[in-house]
Amino acid sequence: MAEWLLSASWQRRAKAMTAAAGSAGRAAVPLLLCALLAPGGAYVLDDSDGLGREFDGIGAVSGGGPNFGASLHILKVEIGGDGQTTDGTEASHMHYALDENYFRGYEWWLMKEAKKRNPNITLIGLPWSFPGWLGKGFDWPYVNLQLTAYYVVTWIVGAKRYHDLDIDYIGIWNERSYNANYIKVLRKMLNYQGLQRVKIIASDNLWESISASMLLDAELFKVVDVIGAHYPGTHSAKDAKLTGKKLWSSEDFSTLNSDMGAGCWGRILNQNYINGYMTSTIAWNLVASYYEQLPYGRCGLMTAQEPWSGHYVVESPVWVSAHTTQFTQPGWYYLKTVGHLEKGGSYVALTDGLGNLTIIIETMSHKHSKCIRPFLPYFNVSQQFATFVLKGSFSEIPELQVWYTKLGKTSERFLFKQLDSLWLLDSDGSFTLSLHEDELFTLTTLTTGRKGSYPLPPKSQPFPSTYKDDFNVDYPFFSEAPNFADQTGVFEYFTNIEDPGEHHFTLRQVLNQRPITWAADASNTISIIGDYNWTNLTIKCDVYIETPDTGGVFIAGRVNKGGILIRSARGIFFWIFANGSYRVTGDLAGWIIYALGRVEVTAKKWYTLTLTIKGHFASGMLNDKSLWTDIPVNFPKNGWAAIGTHSFEFAQFDNFLVEATC
């Protein structure tokens, strides 16, 4: 057997040295055995002096699946709180104090799909906003600590009871203030419910002041299992390290998923541990499945933003993820011998303690690895030879599988390509790589990696120019109507038991008070839909005001902003109010008034609104009769269609129709 391996190693060596003529092109050339050693840095990978920190996994704020594509270890989901949280609102499981529904939104479905693909995936829940009733009139979740803890614990219990999902970690309040007493109350309530295994992450913001607080407060120190910081720039604070707790980059990336984004991701996956001892890095977000013109468009590891066409793009950050995720698992350990390369770049190595070894090397240049935040100080990466020497329990490893990525020009680009394996039996556990800018290598004893294949996605198509929805869904799979993107408020399928006729099934805005906000939610509720490039269009919708006297609803076109910018959205908004008035405004807030007047409108009655925008003019109809005509509208030139309400109030919508001519 030994003779066969030795012979095979010489054959493999010959193949590796001549592979440049094969399909891999330049990608195979860097693999040189120690016999051809060129001047350069030498790096020892050794476990003789023990191991580094335990690896906790790579994840994203949504997604996962083993040995294919990103193969994420962690799925972090938002605990919907009815508020705007960057690109839209997510429905709470408790809109009101006596309300519980564990089938709203898409997160339950997403977690179950993730578990199907990877039963061992770690699940994390974190609130961004909270339903308004928890604040008792204040925009603050810590008014009643027990009540807020109860609300969060019901979500964890509901995940198990209704979906058989075990939540592994729970956070406090995304990127906002923490309350030390609340964290302690949450721990006690988790324990009281038999959820001792659910661990607490704090505070999903900066390293400070949570780290200092933990060092000064023994009880807080005891109940926080993981210190999670956002966008740490690969560094952790002194106090955080002094705690000895697990350190995570619990949100990172948020960068356009081009090769620049892939370079950012590849660099921080290594250097978050090397520089900051972070044993987990979680990307915001996994899949960019929201209108691209909303904030942070295409800032997911992959893109799937056309549900009407089914088109999606597996972007390069997915394959950068695979370099780590397919060849490690939570519970592996980093080696102590990790670090930076002499001429730029970095390397890490991990082991399962059972003889397996995975080495990940990145040479991402400054120019091609800038993340959206924080500022990246300049550094230089240049071509270099790097010799790696395996010692300790790794000295007898006979063979390493090799996976390669090269970012940049199309002619030189490779994404997660398997090269010929590297044989080490006759090289004293040493090998040398020729490294260039913007490359990623994984060398591993594991043979389970695969790029796999997937069907060619459907072709990209614009949003249909004619779109209608009567919301006639008796038992909806999701609580929200397709393609509508709630930006303030929550719009859900509704069965109107008072109307067995045409309006039995409707879409209803269901919030009656402002949530405890994470972002600058509007004072009005609004849900957008369509093509941001629409200019000339007609929007028609049946509307039903439920609040007497003060209630109001609108339809709109050319809406130009959403997400965290929704308060300042411009467009053409056609409003009717229960007090018998109408209004046409150039903005959601209602400051820019184009027209107003009296009209026969009251609550508890259906009306049909029609808004037509063509060129520089707009007209409106009520119940198919002209109400106002040819109002000049010069800005904005394009945008989405929308529906919404005057305040946080109940209202219904039906028979929505939009027809766009360009």
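Residues numbered from 1 in each chain as written. Predicted model: local features only at pLDDT ≥ 70, side-chain atom pairs only at ≥ 80, totals over all residues. Heavy atoms only, no water.

The name given to the protein in an unreviewed UniProt entry is Galactocerebrosidase, with Gorilla gorilla gorilla as the source organism. Under Sequence similarities (unreviewed entry), UniProt gives the following word-for-word description of the protein: "Belongs to the glycosyl hydrolase 59 family." A UniProt comment under Subcellular location (unreviewed entry) is attached to the protein, and it reads "Lysosome". (UniProt positions renumbered as here; feature names shortened; annotations may be inferred.)

Summed over all chains, the structure comprises 1 disulfide. The disulfide that involves Cys264 links it to Cys371, with 2.0 Å between the sulfurs. Looking down the S-S bond of the Cys264 and Cys371 bridge, the torsion is 100°, so its handedness is right-handed. Here Cys264 is found in helix α8 (residues 259–276), whereas its partner Cys371 is found in the loop between β18 (357–362) and β19 (384–390), with 107 residues between them in sequence. (Disulfide = S-S within 2.5 Å. Helix = DSSP H or I, 4+ residues; strand = E, 2+ residues; numbered from the N terminus.)

Let us look at the UniProt feature "domain: Glycosyl hydrolase family 59 central" (unreviewed entry) in the protein. Feature annotation in UniProt places "domain: Glycosyl hydrolase family 59 central" (unreviewed entry) on residues 334–449, given in this structure's numbering. Secondary structure across residues 334–449 comprises 0% helix and 46% strand; the distance between its end C-alpha atoms is 19 Å.

Looking now at the sheet that holds strand β12 (residues 287–288). The 3 strands lie next to each other as β12-β13-β14, forming an open sheet whose pairing is mixed. Unpaired on one side and paired on the other, β12 and β14 (311–313) mark the two borders of the sheet. With 2 bridges connecting them, β12 and strand β13 (residues 302–306) associate as parallel partners. Each residue of the ladder has a partner; that of Val287, found in β13, is Met302. (Pairing = 2+ DSSP bridges.)

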